Amino acid sequence: MAALLPRPASVPLARPPAEAELAVDIQNLFGRYRRAERDSIEDVSLVVRKGALLGLLGPNGAGKTTLLSMLCALMRPRSGSITVHGLRFAEAPDAYKDLIGLAPQSLALYPRLTARENLEAFGRLSGLSGARLRERVAFGLEFAGLQDLAHRRVETYSGGQQRRLNLATTLLPDPPVLVLDEPTVGIDPQSRHAIHENLRALNRAGKTIIYTSHYLDEVEQLCDEIAVLDGGRLIAQGALGALLARFTGNRIELRFDPRTVAAAADILRTMAGVEDVALRSPLLTLVTDDPYRRLPAILKMLAHVHIRPLSVAVGARDLEQAFLALTGTQLRDGS
Amino acid sequence: MRRLSQLRAALVKETLGLLRDKEALLMLIVMPAVFVLIMSLALQDTFRQTIPRPMRVIFLAGPGVGAQRLLAALRREHSLAVAARISPDDRAERARARGLVREGHAALAVVLGVRRHGVRPRTAVLYVNPALPAQMRALGISLVRRAFARVATDQLASIVRRFAPHSPGVRPAPLRLVVAKGGLEGAPTPTSAQQNAPAWALLAMFFLTVPLSVAVIKERQQGIITRLRALPVPSWVLLAGKILPYFLINSIQLLMVLAEAMYVLPLLGGDALTVGHAPLALVVVAASANLAAIGYGLLLATFVQSQEQATSFGAVSVLIMAAIGGILVPKMVMPAAMQELSAISPMSWGLEGFQAIFVRGDGLAGVLPDTLRLLGFGAACLIVAAIRFHRELRPQ
Ligand SMILES: Nc1ncnc2c1ncn2[C@@H]1O[C@H](COP(=O)(O)OP(=O)(O)OP(=O)(O)O)[C@@H](O)[C@H]1O
Ligand SMILES: [Mg+2]
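Cut-offs applied
Residues numbered from 1 in each chain as written. Chains lettered and ligands numbered in written order. Predicted model: local features only at pLDDT ≥ 70, side-chain atom pairs only at ≥ 80, totals over all residues. Heavy atoms only, no water. Near = heavy atom within 4 Å. Polar contact = N/O pair within 3.5 Å; in protein donor to acceptor, adjacent residues only side chain to side chain. Areas by Shrake-Rupley, 256 points an atom, 1.4 Å probe, with all protein chains shown as cover. Nonpolar A, V, L, I, M, F, W, Y, C, P; charged D, E, K, R; others polar. Phe/Tyr/Trp six-rings, centres within 6.5 Å; stacked < 30°, edge-to-face > 60°. Buried < 20%, exposed > 50% of the residue type's maximum accessible area, 1.4 Å probe, protein only. Helix = DSSP H or I, 4+ residues; strand = E, 2+ residues; numbered from the N terminus. Lys NZ or Arg CZ within 6 Å of the ring centre and 35° of its normal. Pairing = 2+ DSSP bridges. Axes fitted to C-alpha atoms, helices over the stretch in contact; angles between N-to-C directions.

## As for the site of ligand 1
Residue and element names in this part refer to chain A. Near ligand 1 you find 13 residues, and of these S40, N60, K64, T65 and T66 are the closest. Between ligand 1 and G61 there is a distance of 2.9 Å, counted from an oxygen atom to a backbone nitrogen or oxygen. The separation between an oxygen atom of ligand 1 and a polar side-chain atom of T66 is 2.4 Å. Out of a free accessible area of 630 Å², ligand 1 has 62% covered by protein chains. Split by residue class, the shell around ligand 1 holds three nonpolar, eight polar and two charged.

What follows is the structure, encoded as structure tokens:
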């Protein structure tokens, strides 16, 4: 199995999972939209253990939704293989779909129907009926915190309420694998917290969850494992802590007065031991071979030209930084 | 079991969605109801214009008491202007009367004592001008019938009085009136209500194209289609869910419009709609037109990409079909070439079907060709739509 995880940037799990423990096994996946000139997913291999809570990260257009679309059999891979609980889509389409619950990135609710009617409709379409359907609809309303609004049309809900219902609808048939594409966009921190609690409980109860989000703090709190997509390629996968140490341990971040930051960058580029200088006014991020050993020399050099950093940080600060280090882009503007 | 439950869900969500779509209901139910009233009243006189009043009737009979009585009874009808010719049975005379009627010099001809195969001498034949508007045709026939009935009643009364004052069972051999069919060609024309009621009902039926395709587009633009595609539900279930609610709403609409034209229109001073005597044929034509409309709507829905396209393509194509098909402008006022062109419009097939029943009094056999055309068109649209819908739902 170890051979199946040869990503250059991947941090190996403590123990390679056995076949039967895999919820999702994606191998050498390529995917291209019709009439597109290039692949939106290029040679992605990704395994997800049963019971994992995986955060799938990547800047806009990285291919997250595309990858999930192929996982959910909405899009045909150009090549490569996907199995979910050991099953391929082509072997048993309905059984395969029964394994996965997808919460689409865009809202997937009938606006003219009430919450209850939506849950009932999608519940039945998922194959539920009778007492089981009633029980799951009640669960869904509770999960979304919409018991009191169950008889109001969805179009009268706030954005956050709609999001919560969108997620609850996905949980209805109780599939073992949940694929959640940015399920908390537009939800206030309180509701988001409640949703996280619920997701953790589901995860503890054995659900495998794949979760994409643009909120890195959210992923950091929620997920125990991370995969990072960029430009259609998987550039990192592994436990959160290990990723942070690996990708931000060699970094120094300096904050300057915006008027001096460019000059500082020019000077530091010439220094020995500084492998890379990234300028994002007023921040300068240096990649060095040994941050703690190089820092005094860096400060001395700057003092020499009368430039003084406003603040200095060494090593892993948060996922945001790791992400920046990995992809060279920020996940969201203004963060 | 699973499919049945899924089908139920598909039906319920589409039905609720449609019932809560105010714009759709306005277009599908209110629009035809209003249009039928307005247009039937507005065009009432146009449809009556060709009718001379009172109707000219030729009365042709041999000498005899019966003929005299009949002539007197006919002359008592103020709406009939009777020109009588009493002469021994004469073939040439009869042919001349028929010719006058056929060419429109007279509306009706009552010919007594015709001797021909299968017709007894005590039978009268009524010839009707084929170009007579249906309303007048019906009126003329019923007035002549009334005159005949009056003579028969008088005879009966006198017989009863004279011979058997206490036995109501005695009756004379009735004088039979046969409305001639053979030899007279040309289609009767519809009344204003017979044109407008089915025309606007059909237009509204086809207008479902707009809300239907908008609903499909909305599903596609929101994540709904993504969720549906990720669920283990076949495309035919979802498609079937879209057909039935629209079928029902169209059927309700048609019933409402017909009832309105039959019962409300006369209250407002219009001529009531007469719908013929073939309910089964009516159901068959209505269902075929309904399926044709839904098929077209679904087909369009699989082609358009945005709500704007759905609205404009939907409305424009339906209006063109309506204009060509004699819906917006009655076919009888079109020049011959346009009348021929109208045969390409499915809405014209529907209108022809309805009018065959209403105006000509046709039954199932009479509406078969138009029904088959409608069903063929609907089925072709549905098949293409189903294929395209299936392609859209399966993994891309
Ligand atoms: N329907 C489509 N047709 C053609 N190209 C597409 C289509 N959808 C997405 N793409 C392209 O595929 C790439 C990946 O898009 P994708 O939606 O998977 O990104 P994402 O990681 O989900 O981004 P976001 O964070 O914005 O949701 C992008 O370059 C995008 O332009
Ligand atoms: Mg996305």
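## Some details on the packing of aromatic side chains
Scanning the model with the defined rule gives seven aromatic pairs over all chains in all. Measuring from ring centre to ring centre gives 5.6 Å for F89 of chain A and Y96 of chain A, while their planes differ by 80°; the resulting arrangement is edge-to-face. For Y96 of chain A, a relative accessible area of 2% translates into the label buried. Consider the rings of F139 of chain A and F143 of chain A, whose centres lie 6.0 Å apart with planes at 40°: the pair is tilted. Remark: F143 of chain A and F139 of chain A occur in helix α4 (residues 130-144); sequence separation between them is four residues, near one turn of the helix. On the basis of relative accessibility, which here comes to 27%, the residue F139 of chain A falls in the partly exposed class. Taken together, the ring pairs connect Y296, W349 and F377 of chain B into an aromatic cluster. Sitting over the ring of F122 of chain A, R227 of chain B keeps its end group 5.3 Å from the ring centre. A cation over an aromatic ring shows up here: R388 of chain B above the ring of F303 of chain B, its NZ or CZ 3.7 Å from the ring centre.

## What about unusual backbone geometry?
Residues and elements named next belong to chain A. Cis geometry is adopted by the peptide bond preceding P282, which originates at S281 and carries an omega value of 5°. Among the structural elements, P282 can be located in the loop between β11 (274-280) and β12 (283-288). Of note in this structure, D43 is not a glycine but carries a positive phi near 50°. For D43, the position within the fold is in strand β2 (residues 41-49). Even without being glycine, E182 reaches a positive phi, approximately 50°. Relative to the elements of secondary structure, E182 occurs in the loop between β6 (177-181) and α6 (189-204). In this structure E182 comes out as buried when scored by relative accessible area, which is 8%.

## With respect to the sheet that holds strand β4 (residues 79-84) of chain A
All names here are of chain A. Taken in spatial order, the three strands make up an open sheet running β2-β1-β4, and their pairing is antiparallel. One side of each edge strand has no neighbouring strand; the edge strands of this open sheet are β2 and β4. Recorded for the sheet is a direction-independent mean angle of 10° between the axes of neighbouring strands. Taken together, the five bridges between strand β1 (residues 22-31) and β4 define a ladder with antiparallel strand orientation. Residue pairing for β4: V24 is matched across the bridge by V84.

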